[in-house]
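Reading the structure
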Amino acid sequence: AAAQIESKVATVAAIPPGGDVPKTFVPVRTGYDYVKRTVMIPMRDGVKLHTVILVPNAVKRGPIMLDRTPYDADRMLARGGGGPLIEQNLSPAYAELARAGYIIVGQDVRGKDGSGGDYVMNRPLRGPLNPTKVDHATDAYDTIDWLVKHVPESNGRVGTIGTSYDGFTALMSLINPHPALKASVPINPMVDVWKGDDWFHNGAFRQEMMSYVYKQTATKGSDLEWYSTRYDDYDTFMAYGSPAAYGRAMKMEQLPFWNRILQHPAYDAFWQEQAVDKLLAKAPLTVPTLFVDSLWDQEDIYGAPAAFAATKARSNGNAHLVLGPWHHGQGNGDATRLGAIEFGSDTGKAFRRDVMIPFLDSKLKEGAPAADIAPVTAYETGTNRWTRHADWPLACTTGCATGMTPMYLTANSGLTLGTAPAATAAAYDEYISDPAKPVTYRQRPNISPWATGSTWRQWLVDDQRFAAGRSDVLTYSTPVLTAPVKIAGQAIAHLFASTSGTDSDWVVKLIDVYPDLVPDKPEMGGYQLAVAMDVLRARYRDDPSKATPVPAGQVVPYAITLPDADHVFLPGHRIMVQVQSSWFPLYDRNPQTFVPNILDAKPADYVKATQRVYHAPSQASYIALPVVK
Ligand code: PG9
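Since we're looking at a predicted model, the values are computed, not measured.

1. Some words on the sheet that holds strand β3 (residues 62-69)
As summarised here, the arrangement of the 10 strands in space is β1-β2-β4-β3-β5-β6-β9-β10-β13-β14, forming an open sheet in which the pairing is mixed. If you trace the sheet from one side to the other, it starts and ends with β1 (34-42) and β14 (385-389), each paired once. Looking at each pair of strands side by side, their axes are set apart by 20 degrees on average, direction ignored. Two elements, strand β10 (residues 319-324) and strand β13 (residues 376-380), share three bridges in a ladder whose sense is parallel.

Here it is in structure tokens:
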């Protein structure tokens, strides 16, 4: 028997020529409900972009949805790990589109993953910031041109879609668009990364994004992991002191984009000329577009409403806005709740079923009926209902149907709607802002946004009571409301404030305080839900492009525009405002002495400062609220 086995082994070569991996292997695909093809699409400069095309078997002549990504198209189109069914490969929105008859295409942007060419973070449009002949507008154009000519199942119509950075590339496809581009759905797009999207908010640097810059630009495949020797980023960023010091410790001077951040702390031409809302405003919007915003977007809360505002006047009805009660990207997933906040139904599915897909069908499918999509579809939080509007915002300082309603800060930590404060003994409230003990943006431990187990996505709806009790956080509130107060737009905090230092950060939070008792959900008793929060770095108060010191000890006016809210403060609730001077470690600390570049402030620059917020008749701090009936 042994001899027989031996002889069998002898007949089957143990080491086949060329080894065990055949030169080609044709897999079977029985039971698959789609075909996936991978192609390299040539751009006008000869660079080829790695592109994955997923064609549902049922689609014989269908529109193409194109998502141009810096986050690995192969992975994006095998999201669930892949498998025979469409749902095992695509996100909910893309799977629903595929089931609705769409061909789904993912493409690596130039210089990332499988594509050729050079990667540039948010590659600017050709022009002063980009002397080359190519950008995301031309790459989108060339890609669409190739797709409609080489995808036989296509009906010749293309839509662009994407979230976040991919929302940015979708926006760029709207500039000098290809004639086959008939619709676009930029979701939570990066639009102005200095004013209110990913890198800065009004000059305060989002230093937790350093790890993103590292991973995104250190290697073509984004496969070099950032690491830390501490669990709590509070400790890490305190240990390094400044972003530049931390960057040096991680050898980030090797990364050109990191160096550009360090070189451009102010809103100079570098940031202004790549602000996508400004770029879109230069020409009429000729492609029907659905700008999708998340009201609690922890990453790009500024982009979609800004792009809508910049294009609506000359869009000939092509500009549409959706405001969902979501975190970043949550419209493309399960959106029944966000943190402790329950919506009672899946608002993400409702958006995709009732707005996004009908909108795209009407623009991309031959003979499809017009869709009844309002210019603005907004989810009203507090009452938990979708609403339709002809425009957005519903109230604003100028140009809206309704003006703003002042809500004044008063002595004894009060807030009064519409009534200026009377003179009182105390003209201001004060606190000591100590950079050695900064106010955190969340209850510690502050783990990295990208760490396993992170709940980063929901931090904007955290209960703000963790901060309210601090002596360096001012808290003001109305009495319990007896009637609902609805806001629909951007509140603006007008502070009259002084600092003993020569620079400050001012953080303002507009908060909905739940009743002391909530019988059907006891843990919500007294919950402090922020409906809009933002920060202003005082050195940029007058001119974002040029830092100027703050005159120490003098009362200075500040205007801080908060992100859009569509919220009803219900009877039994209270309106609250909190003011503080740090939001750490998401944002870098302000040393509170005027230094050339805060990103590289030295240890000795960080000093305590006495902050005063005034509520005297002639220095009456107030929040201008976009109240509507
Ligand atoms: N807009 C998201 C992001 C960009 C840059 C830094 C961190 C996050 C995103 O594209 O996911």
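2. Here's the deal with the site of the ligand
Taken together, Tyr-71, Ser-164, Tyr-165, Met-190, Asp-198, Trp-199, Met-209, Tyr-212, Glu-299 and Asp-300 make up all the residues around the ligand. Here a nitrogen atom of the ligand and a side-chain polar atom of Ser-164 are 2.4 Å apart. One of the backbone N or O atoms of Tyr-165 is found 3.1 Å from an oxygen atom in the ligand. Tallied by class, residues from the shell around the ligand come to six nonpolar, one polar and three charged.

3. Considerations on helix α5 (residues 165-172)
Counting buried positions along α5 yields eight of eight residues, so the element is predominantly enclosed. Regarding α5, the residues found buried are Tyr-165, Asp-166, Gly-167, Phe-168, Thr-169, Ala-170, Leu-171 and Met-172.

4. Things to note about the nonpolar core
Among the nonpolar cores identified, the biggest contains 108 residues, and Trp-199, Ile-261 and Trp-271 are the most heavily contacted of them. When neighbours within four sequence positions are excluded, Trp-271 is seen to be in contact with Val-193, Trp-194, Trp-199, Phe-200, Phe-257, Ile-261, His-264 and Ala-266. Formed by 34 residues, the second largest nonpolar core is a distinct cluster that contains Tyr-431, Tyr-476, Val-556 and Ile-560.

What counts and how
Residues numbered from 1 in each chain as written. Predicted model: local features only at pLDDT ≥ 70, side-chain atom pairs only at ≥ 80, totals over all residues. Heavy atoms only, no water. Pairing = 2+ DSSP bridges. Helix = DSSP H or I, 4+ residues; strand = E, 2+ residues; numbered from the N terminus. Axes fitted to C-alpha atoms, helices over the stretch in contact; angles between N-to-C directions. Near = heavy atom within 4 Å. Polar contact = N/O pair within 3.5 Å; in protein donor to acceptor, adjacent residues only side chain to side chain. Nonpolar A, V, L, I, M, F, W, Y, C, P; charged D, E, K, R; others polar. Buried < 20%, exposed > 50% of the residue type's maximum accessible area, 1.4 Å probe, protein only. Core = buried A, V, L, I, M, F, W, Y, C linked by side-chain atoms within 4.5 Å. Contact = heavy atoms within 4.5 Å.

So yeah, pure geometry; function would need other evidence.
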